[in-house]
Amino acid sequence: QVQLEEAGGGLVQAGGSLRLSCTASERPSSAYAMGWFRQAPGKDRGFVAGMTWSGGTTSYADSVKGRFIISRDNAKNTVYLQMNSLKPEDTAVYYCAARRPPSTVSTAPGGYNYWGQGTQVTVSS
């Protein structure tokens, strides 16, 4: 059973930056594509960014393009989400997720096999 653990959330002012990390309990990152999702109160969980195992393919939600960057370090079993120019509407619980096949990214929550517990990101105006 793969376990994913997010870290790095917190409170930040609008325009600021945060970096989230997601570490796997074993070595799934070499066999899985990874994604970041977020869920605000009263809203569905939505896709933020994703990356294939090789890192050769990335995908971003339109709302975060040019502001967020997904990266991974397979040697550390860790995926990162660098969030810049944060806006109050970015406030949500952020989740990382893992899926197979490792060569494709899905924007649908149902496309992922494993999920972390989530980390809260709050952006104040």
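Residues numbered from 1 in each chain as written. Predicted model: local features only at pLDDT ≥ 70, side-chain atom pairs only at ≥ 80, totals over all residues. Heavy atoms only, no water.

### Comments concerning the sheet that holds strand 8 (residues 78–83)
Read from one edge of the open sheet, four strands run 1-3-8-7, paired in antiparallel fashion. Each having just a single partner strand, strand 1 (4–7) and strand 7 (68–73) make up the two edges of the open sheet. Neighbour-to-neighbour, the strand axes of the sheet open up by a mean angle of 15°, direction not taken into account. Taken together, the six bridges between strand 7 and strand 8 define a ladder with antiparallel strand orientation. Across the sheet, Ile 70 pairs through a bridge with Leu 81, a residue of strand 8. (Pairing = 2+ DSSP bridges. Helix = DSSP H or I, 4+ residues; strand = E, 2+ residues; numbered from the N terminus. Axes fitted to C-alpha atoms, helices over the stretch in contact; angles between N-to-C directions.)

### With respect to the nonpolar core
Counting residues in each nonpolar core, the largest one holds 29 residues, and the members touching the most others are Leu 4, Trp 36, Val 48, Phe 68, Leu 81, Met 83 and Tyr 94. Excluding residues that lie within four positions of it along the chain, Leu 81 makes contacts with Leu 18, Arg 19, Leu 20, Trp 36, Val 48, Ala 49, Phe 68, Ile 69, Ile 70 and Tyr 94. (Core = buried A, V, L, I, M, F, W, Y, C linked by side-chain atoms within 4.5 Å. Buried < 20%, exposed > 50% of the residue type's maximum accessible area, 1.4 Å probe, protein only. Contact = heavy atoms within 4.5 Å.)

### Overview of the pairing of strand 11 (residues 119–124)
Here strand 11 shows one buried face, formed by Thr 119, Val 121 and Val 123, and one open face, formed by Gln 120, Thr 122 and Ser 124. Sheet topology note: the strand 2 (residues 10–13)/strand 11 ladder contains four bridges and is parallel. From the neighbouring strand, Gly 10 faces strand 11, where its bridge partner is Val 121. Across three bridges, strand 9 (residues 92–99) lies against strand 11 in antiparallel orientation. Among the inter-strand pairings, Ala 92 is bridged to a residue of strand 11, identified as Val 121.

### Quick look at the packing of aromatic side chains
Aromatic rings considered in pairs are described by the distance between their centres and by the relative angle of their planes. For the structure on display, the rule yields six aromatic pairs. Considering the side-chain rings of Tyr 32 and Tyr 114, the 5.8 Å spacing of their centres and the 75° angle between planes classify their relative orientation as edge-to-face. With Tyr 32 in the loop between strand 3 (18–24) and strand 4 (33–39) and Tyr 114 in strand 10 (residues 114–115), this pair connects stretches of sequence that are 82 residues apart. Under the relative-accessibility criterion, Tyr 32 is labelled buried at 8%. Taken together through their ring pairs, the aromatic side chains of Phe 37, Phe 47, Tyr 95, Tyr 112 and Trp 115 make up a single cluster. (Phe/Tyr/Trp six-rings, centres within 6.5 Å; stacked < 30°, edge-to-face > 60°.)

The values reported here are purely geometric and, on their own, carry no functional implication.
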